[in-house]
Amino acid sequence: MIADNDITSTLQAQVAAALAAQQPLAIIGGGSKAFYGNETSGTALNVSPHTGVISYEPSELCITARAGTPLQDIEALLAANGQMLAFEPPCFSPASTIGGVVAAGLSGPARPWAGSVRDHVLGVKLITGYGKVANFGGQVMKNVAGYDISRLITGSMGTLGVILEVSLKVMPRPVTELTLTLDMPSQEAFELTTTMRRSTFPLSATCYFDGCLYLRLSGVPSHVFASHRKIGGEPLNNADQFWQALRNQTHEFFQQYDRPLWRLSFPPATSVISRLEGNSLVEWGGSQRWVYTNIPVNLIRNIAHKGDGHATVYRGSLPGVNPFHPLTDNMRNVQQRLKQAMDPHGIFNLSRMYKDW
Amino acid sequence: MNTATDPKRQLLRQLNDILPPEAILTAKEDLHPYECDGLTAYRHLPLAVVLPTTTEQVQLIMKTCSRLKIPVVARGAGTGLSGGALPHADGIVLSLARFKQILAIDTANLHARVQPGVRNLAISQAVDHLGLFYAPDPSSQIACSIGGNVAENSGGVHCLKYGLTVHNILEIKVVTIEGELLTIGNDRQDTPGYDLLALMTGSEGMLGIVVEVMVKLTVKPETVQVLMADFAAIKDAGDAVAAIISRGIIPAGLEMMDKPAIRAAEDFIHAGYPLDANAILLCELDGTEDAVSDQVSRVSAILKAHHAGTIHIAKTATERARLWAGRKSAFPAVGRISPDYYCMDGTIPRKHLAHVLQKINDFSQIYGLGVANVFHAGDGNLHPLILYDANRPGELEKAERFGADILALCVKVGGSITGEHGVGHEKLDSMCVQFGEAELEVFHAVKRAFDPDELLNPGKAVPTLHRCAELGAMHVHHGQLSHPELPRF
């Protein structure tokens, strides 16, 4: 049972006080992604008590919930109706909130096939940098009235406003899922996934780890089983657990804490980069590559840059290093101007994303 | 006037340094084709039209206009339906029509880099032999340009499954009002920093000029089937749509037409639509042979359970194309039965469909103007076509009020005033219905961050607070405008 608790007026009063005192705020949901990005200092603004499902009708393919609503409760509600958040956001703890999902903008294993968090955001209700409650987007799939603030907010790490409510597109769960495992060297796995991109196999996730390629197929039974016959490989038992572990990073690969965990993002058809092999795991058909490494920051960002990619320090702090890949000068200027426009008094999650703002 | 300081003369002189003479239009007869876009009810002549061919030229033009404070209205193919490309009398129209190249096709990463003047359909045609296509397909796809699609976040009949423009572009190159070139997005699955790609998409030329687009290419489905079902009651058709989606089926397209729209389309295209039906549903299913045949039988059963009359399954590709042709030509078809029509673009939660259509019919009676409805039923996007005759005094104004009432109704039931056509010049007043001061304040702040002097497409897309306040005051002072019997907000 999801508690129905509207604390909008309390939150708005706290923002008003912060504006009056020019006192920055640190916006907090479940705190499960506090490790991600920069730390921010400021008075805590706790959104997690702001809970409740405002509306959910399966036939409308949309759920609207207050930002503090636990992610796992929303997932359970959708599952009971044969639906899901198709972008598979990570749930790092039972405290993870739906507002945090949108603020951090992290998607799970299905991302290249099902779309990202922002692809599913239909609307947000915010407390703006002017201290007002504002509604952007809505509950309908198509909406081009005004600038797309809802998708801009997604992944902005709480730096542009306080998310009060979110409306998300939901999708039906697939009828059948089957995960295949194929033992092969990384080069072969790269070639196979590159070929598969042009196919109509119902691929919904990939992972390459420890010499094994995992392929998840999702769809109607006939298509899934026919694809299995063509691709080959061994079906994986308890596949759900495997993908959940990957999504929520409880998988053994993510249990190392002695070195920083880097997340490298590349165009999917980027070939194997030998410097990044070793202690690594590849997802998203080659687009998302996780690496534990002590390679110096400049070097790893250079490797990323050469492959048309970017590199994020996902977990583990490196003194003086911005976790997010540096922006070009003109992009930094534009983004800084945008931050100043939407948060003119500079009170929301300062430095959480980039140190400059 | 002192000619040295006359901004228009200065502008023309400086444009002459940037562009060859044939790329600058200033003669009245040359400007006339640019006086409006697809919304012909509003027209202005600009100072000049410029037709650059390179990004560097666009950058120089922007620098010049920025320095001289000359408004710039970007224009693609000019097929927009909200007056977004309506010229500014003191500004220039920057046409991207000569940016026509498909620059690169990447079959490994599944994308194409194209210039903004490339036609939507031309992209799919260029990659057809590779088994790929570009998914968003607005009805005007034979003419509309990809740059315009980005400006409006265009949809089409396949959005429910394949998404809008914002879901199908990966990167854009944008020239700012200062003449700087920004690369926004990439061909990875995420970008560091804010999601400016989403912000720029649908921003109606208010934040920058798109000079290159990287579009996502999608693998063509193995097979496609189209079903047509007719209904005696619109409510049954609406309920059938909800039922299909509730059962976990996401059709590639799901379209509804009401009786006047069916008649107009059938007279025009001879698509084989049943003339006695009050509504028809077109349902397209795509995927593998097995998956599609499974879905065809499930959808047929759902349609029958909701009192569909006959269910017709297109047997050949030609027949399928003909069924869609009727829908895609609904606008010109209506153009044949009425001297003028005014196309609306509201979105509503699907569950309110029957109620909204009933209300639209009520409005039609009150205003004495006919209306035909086509509906992207899958995603709740309604296109009522209001029939009027501009030569009859007062009819345009009546049609506009009728349209504004429909949009207010869409907002009231939880929808939006525009699903895919944009606000442009046309829906500024309706923006005041959907948004209040808190939202407009943020929109204006975003605009200032990109364009502090308001030179990019000034006066479009986002109304001033003052305009909305005046409009609000008008409602207060005069009650409910000309028809007090109408519910408005």
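Residues numbered from 1 in each chain as written. Chains lettered and ligands numbered in written order. Predicted model: local features only at pLDDT ≥ 70, side-chain atom pairs only at ≥ 80, totals over all residues.

1. Digging into the overall build of chain B
On a plain count of helices and strands, chain B comes out with 18 helices and 19 strands. Counting only C-alpha atoms, chain B reaches 75 × 60 × 45 Å along its principal axes. Counting over 489 residues, chain B shows a buried share of 56%. (Helix = DSSP H or I, 4+ residues; strand = E, 2+ residues; numbered from the N terminus. Buried ≥ 20, exposed ≤ 12 C-beta atoms within 10 Å, placed from the backbone.)

2. Remarks on the UniProt feature "domain: FAD-binding PCMH-type" (unreviewed entry) in chain A
In the numbering adopted here, UniProt assigns the feature "domain: FAD-binding PCMH-type" (unreviewed entry) to residues 1-173 of chain A. Helix and strand shares over residues 1-173 of chain A are 25% and 24% respectively, and the end C-alpha atoms of the span are 22 Å apart. (UniProt positions renumbered as here; feature names shortened; annotations may be inferred.)

3. Quick word on the interface of chain A and chain B
Tallying the contact residues gives 68 residues for chain A and 70 residues for chain B. Of all the secondary-structure elements, those providing two or more residues to the side of chain A that touches chain B are α4 (111-114), α5 (117-120), β7 (133-137), α6 (149-153), α8 (221-231) and α11 (329-342) of chain A. No other element matches α11 of chain A, which puts 8 residues into the side of chain A that touches chain B. Residue composition of the side of chain A that touches chain B, by class: 29 nonpolar, 27 polar and 12 charged. (Contact = placed C-beta atoms within 7 Å. Nonpolar A, V, L, I, M, F, W, Y, C, P; charged D, E, K, R; others polar.)

4. Comments concerning the pairing of strand β4 (residues 92-95) of chain B
Residues and elements named next belong to chain B. Residues of β4 alternate between two faces, with Ile92 and Leu94 on one and Val93 and Ser95 on the opposite face, all of them buried. Two elements, strand β2 (residues 48-50) and β4, share 3 bridges in a ladder whose sense is parallel. Note that in β4 the partner of Val50 across the bridge is Leu94. With 4 bridges connecting them, strand β3 (residues 72-75) and β4 associate as parallel partners. Among the inter-strand pairings, Val72 is bridged to a residue of β4, identified as Ile92. (Pairing = 2+ DSSP bridges.)

5. Notes on the domain arrangement of chain A
Residue and element names in this part refer to chain A. Domain parsing of chain A yields domain 1 (8-172) and domain 2 (176-315). One C-alpha centre belongs to domain 1, the other to domain 2, and the line joining them spans 27 Å. Taken together, the contact between domain 1 and domain 2 spans 13 residues of the former and 15 residues of the latter. Its residues assigned to classes, the side of domain 1 that touches domain 2 shows 10 nonpolar, 1 polar and 2 charged. (Domains from an automatic or database assignment.)

6. Quick notes on the UniProt feature "domain: FAD-binding PCMH-type" (unreviewed entry) in chain B
Per the UniProt annotation, the sites labelled "domain: FAD-binding PCMH-type" (unreviewed entry) are residues 42-220 of chain B. For the annotated span residues 42-220 of chain B, helix accounts for 23% and strand for 25% of the residues, and the straight-line distance between the end C-alpha atoms is 40 Å.

7. Structural notes on the packing of helix α10 (residues 259-269) of chain B against helix α13 (residues 330-337) of chain B
Residue and element names in this part refer to chain B. Relative orientation of the contacting elements α10 and α13 amounts to 90 degrees, with a least axis distance of 8 Å. Comparing their axes, α13 and α10 come out roughly perpendicular. Between α10 and α13, the contacting residues are Ala261, Ala264, Ala265, Asp267, Phe268 and Ile269 on the first element and Ala330, Pro332, Ala333, Val334, Arg336 and Ile337 on the second. In terms of residue class, the contact of α10 with α13 is built from 10 nonpolar, no polar and 2 charged. (Axes fitted to C-alpha atoms, helices over the stretch in contact; angles between N-to-C directions. Parallel < 35°, antiparallel > 145°, perpendicular 65-115°, else oblique.)

8. Here we look at unusual backbone geometry
Residue and element names in this part refer to chain B. Phi angles above zero are rare outside glycine, and Lys69 is one such case at about 60 degrees. Structurally, Lys69 can be placed in the loop between α3 (55-68) and β3. According to the C-beta neighbour criterion, Lys69 is exposed, with 12 such atoms within 10 Å. Unlike most non-glycine residues, Asn153 shows phi in positive territory, near 50 degrees. With respect to the helices and strands, Asn153 occurs in the loop between α5 (146-152) and α6 (159-162). On the basis of neighbour counts, which here come to 27 C-beta atoms within 10 Å, the residue Asn153 falls in the buried class.

9. Quick notes on the environment of Ile61 of chain B
Note on placement: Ile61 of chain B falls in helix α3. Once residues lying within four places of it in the same chain are set aside, the contact partners of Ile61 of chain B are Leu15, Ile18, Val50, Pro52 and Leu94 of chain B.

10. A short note on the nonpolar core
With 227 residues, the main nonpolar core has Leu281 and Ile386 of chain B as its most contacted residues. Excluding anything up to four places from it in sequence, Ile386 of chain B contacts Tyr341, Tyr342, Met344, Leu369, Val371, Ala399, Phe402 and Gly403 of chain B. Residues Trp262, Leu264, Trp290 and Val313 of chain A belong to the second largest nonpolar core, which totals 11 residues. (Core = buried A, V, L, I, M, F, W, Y, C linked by C-beta atoms within 7 Å.)

11. Let's talk about the sheet that holds strand β14 (residues 261-265) of chain A
Residues and elements named next belong to chain A. Spatially, 8 strands are ordered β13-β10-β12-β11-β15-β16-β14-β17 in an open sheet, and the strand pairing comes out antiparallel. Strands at the two margins of the open sheet, each flanked by one partner only, are β13 (234-235) and β17 (310-315). Bridge analysis of strand β10 (residues 176-183) against strand β12 (residues 212-219) gives 8 bridges, and the strand direction is antiparallel. The residue bridging Asp183 from the neighbouring strand is Cys212, located in β12. Running at roughly 135 degrees to β17, helix α10 (residues 297-306) makes contact with β14 and β17 of the sheet.

12. Quick look at the domain arrangement of chain B
Residues and elements named next belong to chain B. Split into domains, chain B comes out as domain 1 (7-95), domain 2 (102-219), domain 3 (223-332) and domain 4 (338-477). For domain 2 and domain 4, the distance between their C-alpha centroids amounts to 26 Å. Counting residues at the interface gives 14 residues for domain 2 and 18 residues for domain 4. In the side of domain 2 that touches domain 4, the residues fall into 6 nonpolar, 6 polar and 2 charged.

13. Focus: the sheet that holds strand β3 (residues 53-57) of chain A
Backbone hydrogen bonds are what pair the strands of a sheet, in a parallel or an antiparallel way. All names here are of chain A. With antiparallel pairing, 5 strands are arranged side by side in an open sheet as β3-β4-β8-β6-β7. Where the open sheet ends on each side, the last strands, each with one partner, are β3 and β7. Each adjacent strand pair in this sheet contributes to an overall mean axis angle of 15 degrees, direction not counted. Note that strand β4 (residues 62-66) and strand β8 (residues 162-169) share 5 bridges and pair antiparallel. From the neighbouring strand, Arg66 faces β8, where its bridge partner is Glu165.

14. Section: the confidence of the model for chain B
Residues and elements named next belong to chain B. Averaged over chain B, the pLDDT score is 93; the fraction of residues at 70 or greater is 96%. Here residues 475-489 scores under 50 on pLDDT; set against residues more than four positions off or in separate chains, the count is 14 contacts. With a pTM of 0.95, the predicted complex shows an ipTM of 0.97. (pLDDT = per-residue confidence, 0-100.)

15. Some words on the environment of His325 of chain A
Residue and element names in this part refer to chain A. Along the chain, His325 turns up in the loop between β17 and α11. A count of 19 C-beta atoms within 10 Å places His325 in the partly exposed class. The spatial distance from the C-alpha of His325 to the C-alpha of Asn298 is 11 Å, given a sequence separation of 27 residues.

16. Description of helix α7 (residues 186-196) of chain A
All names here are of chain A. Those residues of α7 that sit buried are Ala189, Phe190 and Thr193. The arc enclosing the buried residues of α7, seen along the axis, measures out at 100 degrees, which places them on a common side. Across from the buried face of α7, at angles greater than 90 degrees, the exposed residues are Gln187 and Thr195. Where α7 is buried, its residues contact β11 (203-209) and β12. (Arc of directions from axis to C-beta.)

17. Brief notes about helix α12 (residues 317-328) of chain B
Within an α-helix, residues lying three or four positions from one another point in the same direction, as the helix has 3.6 residues per turn. All names here are of chain B. Taking 1.5 Å per residue as the helical rise, α12 with its 12 residues ought to reach 16 Å, and the 16 Å between its terminal C-alpha atoms agrees with that figure. Looking only at α12, the buried set comprises Leu323, Trp324, Gly326, Arg327 and Lys328. Looking at the buried positions of α12, the neighbouring elements they touch are β12 (223-231), β13 (253-258), α10, β14 (279-287), α13 and β18 (371-376). (Expected span 1.5 Å × (residues − 1).)

18. A word on the packing of helix α1 (residues 7-18) of chain B against α3 of chain B
Residues and elements named next belong to chain B. It is the contact of α1 with α3, at a shortest axis distance of 10 Å, that shows an interaxial angle of 160 degrees. Judged by the angle between their axes, α1 and α3 are roughly antiparallel. Classified by chirality, the crossing of α3 by α1 is right-handed. Seen from α1, the contacting residues are Pro7, Gln10, Leu11, Gln14, Leu15 and Ile18; seen from α3, they are Gln57, Leu60, Ile61, Thr64 and Leu68. For the contact of α1 with α3, the per-class residue count stands at 7 nonpolar, 4 polar and no charged. (Left-handed = near helix turned anticlockwise from the far one by under 90°.)

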